[in-house]
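Summary of the model geometry
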Amino acid sequence: MNTYALPKDSKAWQNAIDRVAHLLPMGSIGSIQALKQLPVFAIIVVVAKTAVDELTVNGCQVDDVVQAWTKTQRGWQAVVVFDDDASLANAHLVGTHESLTDVAVYRYLLIPTDHKEMSADKREAVAHIIDQQLTAYLKKTLTPKPNYPFKINEMGQVSELTDEQMAELKKSHIDVHILSVAQVLRRHKLICFDMDSTLIEQEVIVELAKMAGVADKVEKITESAMHGEMDFNESFAKRVALLEGVDILVIDEIIKERISFCQGAYATIKALKHKGCRTVLISGGFTPFAKYVAQSLGMDEYHANPLLCADGKLTGKVDKHIIDGKAKARIVARIADAMAIDMEEVVCVGDGANDLPMMAISDIGVAYKAKPIVRVKADAAVNITGLEGVLYALGHRFDKR
């Protein structure tokens, strides 16, 4: 079993804020609501260890690269955020059979060097610009060289590579998350996850379709819906109709033989539970699979669509209350209300267009290896790690022990 340490109640971000208090308006320190109004950003940079190692060989550090970029940004400065010794000593140990993606996590405060004020819209626009510029700068600087020979042809294209080598060359080695400092200081109490392609690697309706011999038809409709090109309810009904007559015994067969959890799922849920968060699965998929996934991961509750059947066969019909994007958001709001917490204490994680409504009403919406439309609209996008990248995006980090 691998063991990882997640700093418990780390004051790292608050300590960093305290160090730059003299640069912030009077009265803003100690109040999350006051800090929320300031153009002070939390930057989390997640870098594949291969890129970090190559940079180190060249006599440089990631902090040096970030500071070099900051010097090109007039009116801004970056402050390194590090865990204090006490929080590391009291870290929770998270035991899991999983091997997490080998990355290094760097955290910074980006603050203005004067007491500038910005509207909420302008702060959001500035965050997007910073994200684009810093990501481009880091990708250019921190991309590791391939460990195989390659040539550039007369057209300027890479040639003589296998498909696998070409994919590796194009692969991103960096995730950059930019949030308001209030978002990383705030304690989040409810974390909601999509299921298909988020907690598990499969789309369960596609697995059912394979059993019915209609995989191509269902997958085409699924992709169209997840890219936001078709109304979810319409696409859901069309896909389920194609499953009419499938024996219900295939459900257990799929669960036992085809369902695999996304890397980092166990460690992520376990770490969030250690931090006192309520973890909830909310899926546009089906209840038998949601129950299995939620119980396997130790989640607190699950919500999904019933899989209607009669005489041991799927009917191909759908329940009148389909869990679509709007329903996901309503479920999140209802759970938060039952917990007597504000939506600012909620995080939602997903990969498809039908996850956007619940992500939009939460404090932080995290896109996990998501479709382009979701990555653009999310507060943070995890691409280079397993699901543990959600913890990094929230301002935490794992240390391997």
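Residues numbered from 1 in each chain as written. Predicted model: local features only at pLDDT ≥ 70, side-chain atom pairs only at ≥ 80, totals over all residues. Heavy atoms only, no water.

If you trace the backbone, L308 turns up in the loop between β11 (301–305) and β12 (309–310). Look at L308 and you get partly exposed, because its relative accessible area is 29%. Taking the C-alpha atoms as reference points, L308 and F286, 22 residues apart in sequence, are found 9.6 Å from one another. Beyond its immediate stretch of four places on either side in the chain, L308 contacts K313, L314, T315, K317, V318 and D319. (Helix = DSSP H or I, 4+ residues; strand = E, 2+ residues; numbered from the N terminus. Buried < 20%, exposed > 50% of the residue type's maximum accessible area, 1.4 Å probe, protein only. Contact = heavy atoms within 4.5 Å.)

So, about the layout of surface pockets. Estimated volume of the largest pocket: approximately 1,200 Å³. What lines the largest pocket is a set of 36 residues, and nearest its centre among them are H128, I178, A378, D379 and A380. At the level of elements, α6 (120–142), β8 (174–180), α16 (356–361), α17 (372–377) and β16 (380–382) are the ones that each hand at least two residues to the lining of the largest pocket. Sort the elements by how many residues they give to the lining of the largest pocket and α6 lands first, with 9 residues. Looking at the lining of the largest pocket residue by residue, the class counts come to 15 nonpolar, 9 polar and 12 charged. The residue makeup of the lining of the largest pocket includes at least three contributed by each of domain 1 (1–185) and domain 2 (187–400). (1 Å grid on protein atoms, 1.4 Å probe; cavity = no way out; pocket = protein on both sides within 12 Å on 5 of 7 lines; lining within 4 Å. Points joined across faces, edges and corners; volume = space filled by probe spheres on them. Nonpolar A, V, L, I, M, F, W, Y, C, P; charged D, E, K, R; others polar. Domains from an automatic or database assignment.)

Turning next to the pattern of salt bridges. Counted under the stated rule, the structure contains 15 salt bridges. For the salt bridge of K328 with D194, the shortest nitrogen-to-oxygen distance reads 3.0 Å. With a gap of 134 residues between them, K328 in helix α15 (residues 325–339) and D194 in the loop between β9 (190–193) and α9 (204–212) connect regions that are remote in the sequence. As far as burial versus exposure is concerned, K328 and D194 are alike and both buried. In this structure, E207 engages R258 in a salt bridge whose closest nitrogen and oxygen atoms are separated by 3.3 Å. Within this pair, whereas E207 is found in helix α9, its partner R258 is found in the loop between α12 (249–257) and α13 (265–274), the two being separated by 51 residues in sequence. The exposure class of E207 is buried, given its relative accessible area of 7%. (Salt bridge = Lys/Arg side-chain N within 4 Å of Asp/Glu carboxyl O.)

With that out of the way, let us pick up the UniProt feature "active site" (unreviewed entry) in the chain. Here, the residues flagged by UniProt with the feature "active site" (unreviewed entry) are D194 and D196. Among the annotated residues just listed, those that line the largest cavity are D194 and D196. Not counting chain neighbours up to four residues away, the residues in contact with D194 comprise L199, I282, S283, K328, V349, G350, D351, D355 and M358. A distance of 3.2 Å separates polar atoms of two side chains, one belonging to D194 and the other to T198. Here D196 is to be found in the loop between β9 and α9. You can call D196 buried: its relative accessible area is 8%. Apart from residues no more than four positions distant in its own chain, D196 is found in contact with Q202, E203, V204 and D351. (UniProt positions renumbered as here; feature names shortened; annotations may be inferred. Polar contact = N/O pair within 3.5 Å; in protein donor to acceptor, adjacent residues only side chain to side chain.)

Applying the stated rule across the entire model yields 3 cavities of 30 Å³ or more. Roughly 130 Å³ of internal volume is contained in the largest cavity. Lining the largest cavity are 15 residues, and of these D196, E203, F232, G284 and G285 sit closest to its centre. Only α9, α11 (232–241) and β10 (278–286) provide two or more residues apiece to the lining of the largest cavity. Examining the composition of the lining of the largest cavity, we find that 4 residues originate from one element, β10, more than from any other.

Glancing now at the pairing of β10. Across the 9 residues of β10, 8 count as buried, placing the element largely inside the fold. Pairing analysis gives 4 bridges linking β9 to β10, with the strands arranged parallel. Residue I191 lies in a different strand from β10, and its bridge partner there is T279. With 4 bridges connecting them, β10 and β11 associate as parallel partners. The residue bridging I282 from the neighbouring strand is H303, located in β11. (Pairing = 2+ DSSP bridges.)

Listed as buried for α13 are A265, A267, T268, I269, A271 and L272. Looking at the buried side of α13, the elements it contacts are β1 (2–6), β4 (92–96), β9, β10, α14 (287–297) and α18 (389–393). A positive phi of about 85° marks G276, the residue just after α13.

So, about the side chain of E98. With respect to the secondary-structure elements, E98 resides in the loop between β4 and β5 (103–112). Buried and without a salt bridge, E98 has K270 as its closest oppositely charged side chain, separated by 9.2 Å. Side-chain polar atoms of E98 contact the backbone nitrogen of Y266, separated by 3.3 Å. Here E98 is in contact with N2, Y4, C262, Q263, G264, A265, Y266 and A267, once residues within four sequence places are set aside. (Lys, Arg positive; Asp, Glu negative; His and termini not counted.)

This part covers the packing of α12 against α14. One way to put it is that α12 packs onto α14 with a least axis distance of 10 Å and a crossing angle of 30°. Taken together, the axes of α12 and α14 lie roughly parallel to each other. Crossing hand, α12 versus α14: right-handed. Taken together, the residues of α14 that come into contact with α12 (itself represented by I251, I254 and I255) are P288, F289 and Y292. (Axes fitted to C-alpha atoms, helices over the stretch in contact; angles between N-to-C directions. Parallel < 35°, antiparallel > 145°, perpendicular 65-115°, else oblique. Left-handed = near helix turned anticlockwise from the far one by under 90°.)

Let us look at the sheet that holds β5. One open sheet accounts for 4 strands, arranged β3-β5-β2-β8; its pairing is antiparallel. Only two strands of the sheet have a single partner each, and these edge strands are β3 (76–81) and β8. Pairs of neighbouring strands in the sheet enclose a mean axial angle of 25°, with direction left out of account. Here β3 runs beside β5; their pairing, made up of 6 bridges, is antiparallel. Looking across to β5, one finds that Q77 is bridged to I111. Lying on the sheet, helix α1 (residues 12–19) is in contact with β2 (41–48), β3 and β5; it crosses β5 at an angle near 35°.

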